[in-house]
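Geometric and topological summary
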Amino acid sequence: MSVLRSVVLGCGSYLPERVLSNQELAAKVDTTDDWIVQRTGIRQRYIAADGEVTSDLAIQAAKAALASAHVDAQSIDLIVLATSTPDNTFPASAVSVQAGLGITRGAAFDLQAVCSGFVYGLSITDALLRAGGYKRALVIGAETFSRILDWNDRTTCVLFGDGAGAVVMEAQQQPGTRDDRGVLTTHLRSDGRHKSKLYVDGGPSSTKTVGFLRMEGRAVFKHAVAMITDVIEDAFRTTGYTAADINWFVPHQANRRIIDDSAHKLGIAPEKVVITVDQHGNTSAASIPLALNAAVKDGRIKKGDLVLLEAMGGGFTWGSALIRW
Ligand code: ACO
């Protein structure tokens, strides 16, 4: 029996021009290149220019994704923008992306799940496409975390960066087996009891300010691997696939040690793991599509490959997605 699946048609990404290396950062805050590389794997991050806002980054990534998918912006009827650093408190930055792409139909909205935003966005978009109300969607992760960092706090400011990534997804009839192209399964979770471990200490309803990111790094680390592996095992259980079947593991790029430990615990071979955190740090909701795009552009991820995504972030929120490219 044929079923509707959300098939990825193309992807793209965008990084601001300005590169901030560990060495440059070490001249401003009490840290070293060695400490950052050993604890996180990060070597540099990108910082948005003054006046360059999240929707600007998102528009560039979206244009690149549309070009790679060989489709016109006018064919898009749904835009889901995952971000925790919107241009304004409202309206959604997604409507600025919509306007920037010259689209005047369909729906556009923001989605806030911090670093899990892209996986949440993919899952929600998959559900909307399979429900039949929309035909072709842009799922974007875009962030300007540099704007919510306390640049005097060495425990957080060395970890994050700015960037954007996007995929174009289309509802297509598929045979209805686990060999179909498209999103095969997604699993989303959250547990608000962990809010205080990773949050921003401001907001319109509490302080009337934007605030700065605060994190208990060690506590986040302690939960990360267990939560990530749990939700990936859900994906394996649902589809019957195992770690051995995965062609590419594209995790949220927060910390090299979390990625390595998760892959090891799941039995995913190191050569199947896509790593870009060294190049751009933790870009929150943008990190998975940035990594996806890197692996597609350099020829690793090919049509028909089984691609496993996972993310974990503030909330806590976490989730997985299994896609046949
Ligand atoms: N440079 C030098 N020293 C530092 C720095 C720094 N940038 N930051 C902290 N230190 C010091 C600390 O002060 C501490 O010193 P002390 O022993 O004298 O007290 C020492 O280094 C160890 O600090 P820890 O916090 O215990 O270091 P840890 O090994 O846990 O590494 C890190 C810290 C990298 C933050 C780690 O805990 C981590 O990666 N946690 C997960 C964070 C994460 O992935 N967050 C993103 C989640 S996604 C989202 O939703 C945003």
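A short tour of the structure in this document, coming up. (Residues numbered from 1 in each chain as written. Predicted model: local features only at pLDDT ≥ 70, side-chain atom pairs only at ≥ 80, totals over all residues. Heavy atoms only, no water.)

1. So, the site of the ligand
The condition that has to hold: The cutoff for a nearby residue is simple: one of its non-hydrogen atoms must lie within 4 Å of the molecule or strand. We call two N or O atoms a polar contact when they sit within 3.5 Å, provided that within protein one can donate a hydrogen and the other can accept it, with sequence-adjacent residues counted only if both atoms are side-chain atoms. Starting at the N terminus, helices and strands are each numbered in turn, a helix being any DSSP run of H or I of at least four residues and a strand any DSSP run of E of at least two. Ten residue types, Ala, Val, Leu, Ile, Met, Phe, Trp, Tyr, Cys and Pro, are classed as nonpolar, four, Asp, Glu, Lys and Arg, as charged, and the remainder, Gly among them, as polar. Where each domain begins and ends follows an automated or database-derived domain assignment.
Lining the immediate environment of the ligand, one finds 27 residues, of which T31, R39, C115, R218 and N255 sit closest. In this structure, R218 approaches the ligand through a side-chain N or O atom, which is 2.3 Å from an oxygen atom. Measuring from an oxygen atom of the ligand, one finds a side-chain N or O atom of N255 at 2.5 Å. Contributing elements (two or more residues each) for the shell around the ligand: α2 (33–40), α6 (154–157), α7 (217–239), α8 (256–266) and β12 (306–313). The leading source of residues in the shell around the ligand is α7, at four residues. Residue composition of the shell around the ligand, by class: 13 nonpolar, nine polar and five charged. When residues of the shell around the ligand are sorted by domain, at least three fall in each of domain 1 (3–174) and domain 2 (182–324).

2. Some remarks on the sheet that holds strand β4 (residues 78–82)
Spelled out, the test is: When DSSP finds two or more bridges between two strands, those strands count as paired. Axis definition: a line fitted to C-alpha atoms, over the contacting stretch in the case of helices. Angles run 0 to 180 degrees between N-to-C directions. Contacts are residue-level and defined by heavy atoms, with any inter-residue pair within 4.5 Å sufficient.
Read from one edge to the other, the open sheet built from five strands follows the order β1-β7-β6-β4-β5, with strand pairing classed as mixed. Each edge of the open sheet carries a strand with a single partner, namely β1 (3–14) and β5 (107–111). In this sheet, adjacent strand axes meet at a mean angle of 20 degrees when their direction is disregarded. Bridge count between strand β6 (residues 136–144) and strand β7 (residues 162–174): nine bridges; the pairing is antiparallel. Directly across from A142, in β7, lies its bridge partner A164. In the packing of helix α3 (residues 54–69) onto the sheet, contacts are made with β1, β4, β6 and β7, and the angle to β1 comes to roughly 120 degrees.

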